[in-house]
Number of protein chains: 4
Amino acid sequence: MATKAKIGVLGASGYTGSELVRMLLRHPRAEIAMLTADRRAGQAMRSVFPQFSPFDLPTLVSIEGQDWSTAGLDLVFCALPHATTQKVLKDLLAKAPDTKVVDLSADFRLSDTSAYARWYGHEHHAPELQKEAVYGLAEIHKREIKKAQLVANPGCYTTCAQLPLIPLLKNKAIETDGIVVDAKSGMTGAGRSAKEAMLFSEVSEGFHAYGVGGHRHMAELDQEFSAAAGKEVIVSFTPHLVPMNRGILSTIYVQGRRGKTPEELHEILLNFYDKADFVHVLPFGETPQTRHVRGSNWTFIGVAKDRVPGRAIVISALDNLVKGASGQAIQNMNLMLGYPETMGIDQVALFP
Amino acid sequence: MATKAKIGVLGASGYTGSELVRMLLRHPRAEIAMLTADRRAGQAMRSVFPQFSPFDLPTLVSIEGQDWSTAGLDLVFCALPHATTQKVLKDLLAKAPDTKVVDLSADFRLSDTSAYARWYGHEHHAPELQKEAVYGLAEIHKREIKKAQLVANPGCYTTCAQLPLIPLLKNKAIETDGIVVDAKSGMTGAGRSAKEAMLFSEVSEGFHAYGVGGHRHMAELDQEFSAAAGKEVIVSFTPHLVPMNRGILSTIYVQGRRGKTPEELHEILLNFYDKADFVHVLPFGETPQTRHVRGSNWTFIGVAKDRVPGRAIVISALDNLVKGASGQAIQNMNLMLGYPETMGIDQVALFP
Amino acid sequence: MATKAKIGVLGASGYTGSELVRMLLRHPRAEIAMLTADRRAGQAMRSVFPQFSPFDLPTLVSIEGQDWSTAGLDLVFCALPHATTQKVLKDLLAKAPDTKVVDLSADFRLSDTSAYARWYGHEHHAPELQKEAVYGLAEIHKREIKKAQLVANPGCYTTCAQLPLIPLLKNKAIETDGIVVDAKSGMTGAGRSAKEAMLFSEVSEGFHAYGVGGHRHMAELDQEFSAAAGKEVIVSFTPHLVPMNRGILSTIYVQGRRGKTPEELHEILLNFYDKADFVHVLPFGETPQTRHVRGSNWTFIGVAKDRVPGRAIVISALDNLVKGASGQAIQNMNLMLGYPETMGIDQVALFP
Amino acid sequence: MATKAKIGVLGASGYTGSELVRMLLRHPRAEIAMLTADRRAGQAMRSVFPQFSPFDLPTLVSIEGQDWSTAGLDLVFCALPHATTQKVLKDLLAKAPDTKVVDLSADFRLSDTSAYARWYGHEHHAPELQKEAVYGLAEIHKREIKKAQLVANPGCYTTCAQLPLIPLLKNKAIETDGIVVDAKSGMTGAGRSAKEAMLFSEVSEGFHAYGVGGHRHMAELDQEFSAAAGKEVIVSFTPHLVPMNRGILSTIYVQGRRGKTPEELHEILLNFYDKADFVHVLPFGETPQTRHVRGSNWTFIGVAKDRVPGRAIVISALDNLVKGASGQAIQNMNLMLGYPETMGIDQVALFP
């Protein structure tokens, strides 16, 4: 039997934390060695997430007081709030230079330290790590991820927008002006903090946009889209909240460049993801539904012809907690530790 | 006490039918004199819609066999399926030329008979009525509605898109190319017929687009937008289904024309709807939620600045069964019968 | 035109507050003269509940600093948290002895001061008011309510259980031992405070019981059931949370006494509520659904025969925010001010 | 690598069919060799369940025309409608006497042919098979299942009621009179057929009971409870529909026998399920939620003290499509084929 890597999950009391535990419990090469949750330190994981009641898991501990140099962790998933992350990881990597890290926050996604300062309103606390960190969209940056010590796991909205758009931008197949990404997310994307606006009674039986016209996630999109296109690309992006738990669907409006037809855009995506383990391009004209990827690490992509000549509508769907967060994080772990890419994250979608 | 108009509801076993009954039961100048539902003829309304169990209502009858000439109806709401409508109304108006009609189907919305034939694949069965019918978007065509005998009640998606866009097009304040209307609807918009795709287990906890790239509702949009702009306007329009019962939200991406700023677009809408009873323009930068108009005849509209220079995001929300169907139909009835426009349809939204 | 009573709503930022405002806005004899919300004082009601955006309403104020003696309020609805209520109302009624009060908290529902102390763990702060207060279940205590200055509006669970059971207990038609009330409530019953357990992602797509074996609401049931039966009655009662906004359904298991059949129990309820404006007894064997009373002040009751000989299953359904709270409160106001009992609360249910 | 059993799924276009496929796709010892769906014959599984789009699966075929004698199937899951099942399995087992069968319908659950005729209104079409069939509640009948050729997989409601009650009845720890099982199920329990009453708009945002006082599932309960107790046991049982996809929760009211306390009842369950792979008894006083077993084969059971002396409230929760249907069916397959009981069905619950 192969040895198991010792894994830590920092911030285990949120939804990305519980998703990591759900999948790691069935990962043949992972051992959950540490779970942290500052406000719930001392409690059993089952009291925070009763679904784990039948399982043996480490008691939740506080980050403060951990001696990273003796913890013997092979890899740490960091699911901590923005900014805290920078300080914790700086300390951890200094004390335990052999530990690898997959960070699920937005803190290390921008390679440009000045872009970070502009969007977040303050200097980065670990600028040298920010430069080293590899952006963890496995379908695009696989080679770098395999060699990385610190991987910045992409955001859920941005993963959903990048997977269909990056191949089109790389191929210079669409106009870079006028791209519209109309995105819709389930409620788990907003996390587990107790806010009035996230109560069931506020959210169910209704639909709305938020952060209209400007959203931090756009910094990540600008960086990756511009790199793919070889020129500055700024898209219109509006996030919405759907009364459901899981799933993101992006409806993307594009104009074919130099006469590229919707069918040709579809062909580009089909070829690009021909061998991808977790991206599935539907037959031309079919479009995906979030429910059909729920609980799985798949992204489904569809392309349809718009009735406005020359325009195509590209739609992508994924589970924000899996491919949009924890599944992608384990995919990155698999690459970093030399495991098969699909190990432990090959669950079939749960529908209905 | 003022006399009451005798009202018929043709097609009372669907959701627009039950909404008409809900509001007419509390309308001070309406008497529900006839309810039809072919497949449920002979049954009590309470067996089709148990919420009406405590109320005295006419037994459901079949349309066939009605003698319109002696029915003495002042006004009929027609909520029948496409195509059937044309035949029924042709017959009804021939036999009862004094009866007024508000038709909730799509059958009389296109004034151009050839456009009808093109979109629906067959000749119209009542072309002379098609020409006479008035398009019943009260905020735009109030004068004609007051004098009409036959009003074609607008569709739910199209009402939601027209109310924000028509004033902007009339004012030539936005570019007519590249308009994107990304629309999201609750499930009641799909009606009450028993289809696998509409089962709770198929629809809940998920989100998807449908009819991508082409949808019959667009004919209505093309007609009204082109009329407002004074030139042909064809928008990109994608409908989606939200796991909720009621509500439509349209996220509309526009480019200001000749330097018109988002703030100026907002100002145009604010002025246009200054005295409107059922359209409310939110302060600049605020955007609406479907839940805040649920059960009411209101449309809420918001305008925000896109981060892409020169572009604005306009969002509108309404209840598809009220302002998008039966509430608007009663609004038209009020205008046609000379009642105050808000009579019987001034319920405050039910939230949460 | 009849004069309007000046109405205050204390605690207008919760769901019972917004429901009061929703109905009072359309009540022909009520003027909303004061809205309080301590934490939101100084804000417009539209910023707390955007559905009121088109309406003219008083700005939210803090309770502290109100001079009740000059406020000139005819009636106050008090929707404040437990315990606070006692202090506020004691002060208010001392300063404004002509103001009538409908209290929506549990503070004045127990007439026995020692029962209060036992269930709530402390002495009542206004014991003399506690004794004077009339229990506001209009269908049972109408005569006393009409003359009352302070009415304690019943709880939502308890209204739903009392309306079917009290007539049966008064008629000594069922055994008083072994009664089981299995109750299910929508999420608005839990209020609007920001708690993790009430987040959409925690609550949707699942079902659970809570407070199993003991719940404060039982004190109210014990008091009223024992009074009706003329002997001590203690029922088994389990509340559950349903992933929906509104509605309570109680499934009640009873044994007919001295050979009383389920049909005879049905007959008793039918007769008891023969003239009731807001209680509707369904034909024998039919049982109600919460959706068919949503947004209305109705309670629907059904009786069916259990297959276990001699046993019946009685099911009742109401909207917890209307008949279970604010609608019943306005019903009480109507009785206290001499208005028709149904005034302003005769909305038909909103389904779907 | 171990050989894989060749598996057929009869009736693959319903929800129990898709759940079988979901789990079998990841079962290390199963090969999906045949999928039938009469009305969808000739179609790809992906057109019936798009979540399987990325997977290689047999094309759907019709049952008619299958030559069972040459199909070479090791085991068949039969998820066909009531009555059809009897004819198909009679034929199949005659032609392929070495094929094992797990039947998910109710057709073979009653061992008493006269009880079958009484509840279903006609004679059984395969009475000799009915007698041979083993009732497949693995936690109770494991030994017989291991040797069986035909296993009748228990119903979802009845599994949820039996797992907590059978140990208590076997131990004569509770009174057999007056047991109340108040059961609540998600919508997938009603299957995938297109019925008006199951539309999203009919079902969401509401709650109701159905089949009150009598339900076919009770025959199965009567049989198993009476066998466990050694005397006739007839419980009150009311099923309800919850607006969610998956999950059943049973709230069970019992009276301890001969002074047995709720704590002692809890102890009995704890001991009984001490080594069970899929039943988890919570600490005394804690009660389960359906969401915490979603997608998993677990049943969670809790016991609490009722305030009525001597009475206990026992609550059980499972996923109706997994432990209530397809997961339990694979558990039975594992036992019948000599595989480890948990193989392929050890997924951790998907929450949120």
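Residues numbered from 1 in each chain as written. Chains lettered and ligands numbered in written order. Predicted model: local features only at pLDDT ≥ 70, side-chain atom pairs only at ≥ 80, totals over all residues. Heavy atoms only, no water.

Asker: What am I meant to see in the interface of chain B and chain A here?
Answerer: In many analyses, interface size is given as the accessible surface area lost on bringing the parts together. Opposite the 47 residues of chain B that make contact, chain A presents 47 residues. Looking at the side of chain B facing chain A, the largest losses of area belong to Glu205(B), Phe207(B) and Arg307(B), adding up to 21% of the total buried there. For Asp222(A), the salt bridge is made with Arg307(B), and the minimal N-O distance between the two is 2.8 Å. Summed over the shared surface of chain B and chain A, the result is 34 residue pairs in polar contact (both at pLDDT 80 or more). The leading source of residues in the side of chain B that touches chain A is strand β7 (residues 180-185) of chain B, at four residues. For the side of chain B that touches chain A, the class distribution of residues is 22 nonpolar, 13 polar and twelve charged. (Contact = heavy atoms within 4.5 Å. Buried area = accessible area lost by both parts, 1.4 Å probe. Salt bridge = Lys/Arg side-chain N within 4 Å of Asp/Glu carboxyl O. Polar contact = N/O pair within 3.5 Å; in protein donor to acceptor, adjacent residues only side chain to side chain. Helix = DSSP H or I, 4+ residues; strand = E, 2+ residues; numbered from the N terminus. Nonpolar A, V, L, I, M, F, W, Y, C, P; charged D, E, K, R; others polar.)

Asker: Where do I start with the packing of aromatic side chains in this structure?
Answerer: Geometry of an aromatic ring pair is reported as the spacing of the ring centres plus the angle between the planes. Counted according to the given criterion, the structure contains 40 aromatic pairs over all chains. Relative to Phe49(C), the ring of Tyr15(C) lies with its centre 6.5 Å away and its plane at 55°, an arrangement referred to as tilted. Separated by 34 residues along the polypeptide, Tyr15(C) in helix α1 (residues 15-24) and Phe49(C) in the loop between α2 (45-48) and α3 (68-71) bring together distant segments of the chain. Between Phe278(D) and Trp298(D) the ring centres are 6.2 Å apart and the planes differ by 75°, which places this aromatic pair in the edge-to-face class. In this pair, Phe278(D) is assigned in the loop between α11 (262-272) and β11 (279-281) and Trp298(D) in the loop between β11 and β12 (299-305), connecting sequence segments 20 residues apart. Each member of the pair, Phe278(D) together with Trp298(D), is buried. (Phe/Tyr/Trp six-rings, centres within 6.5 Å; stacked < 30°, edge-to-face > 60°. Buried < 20%, exposed > 50% of the residue type's maximum accessible area, 1.4 Å probe, protein only.)

Asker: What am I meant to see in the relation of the copies chain B and chain A here?
Answerer: To go from the first copy of the chain to the second, apply a rotation about an axis and then a shift along the same axis. Turning chain B through 180° and shifting it by 0.0 Å along the axis lays it on chain A, with an RMSD of 0.0 Å. Such a combination of turn and shift is consistent with a two-fold rotation axis. Comparing contact sets, 100% of the residues at the interface of chain B also lie at the interface in chain A, consistent with an isologous, same-surface contact. (Least-squares fit on C-alpha atoms with pLDDT ≥ 70 in both.)

Asker: Would you take a moment to explain the environment of Arg246(A) for this structure?
Answerer: All names here are of chain A. With respect to the secondary-structure elements, Arg-246 resides in the loop between β9 (236-241) and β10 (248-255). Residue classification places Arg-246 among the buried residues on the basis of a relative accessible area of 2%. Along the sequence, Arg-246 and Arg-294 sit 48 residues apart, while their C-alpha atoms lie 6.7 Å from each other. Polar contacts involving the side chain of Arg-246 include one to the side chain of Glu-19, which spans 2.7 Å. Separated by 3.0 Å, the side chains of Arg-246 and Asp-319 make a polar contact.

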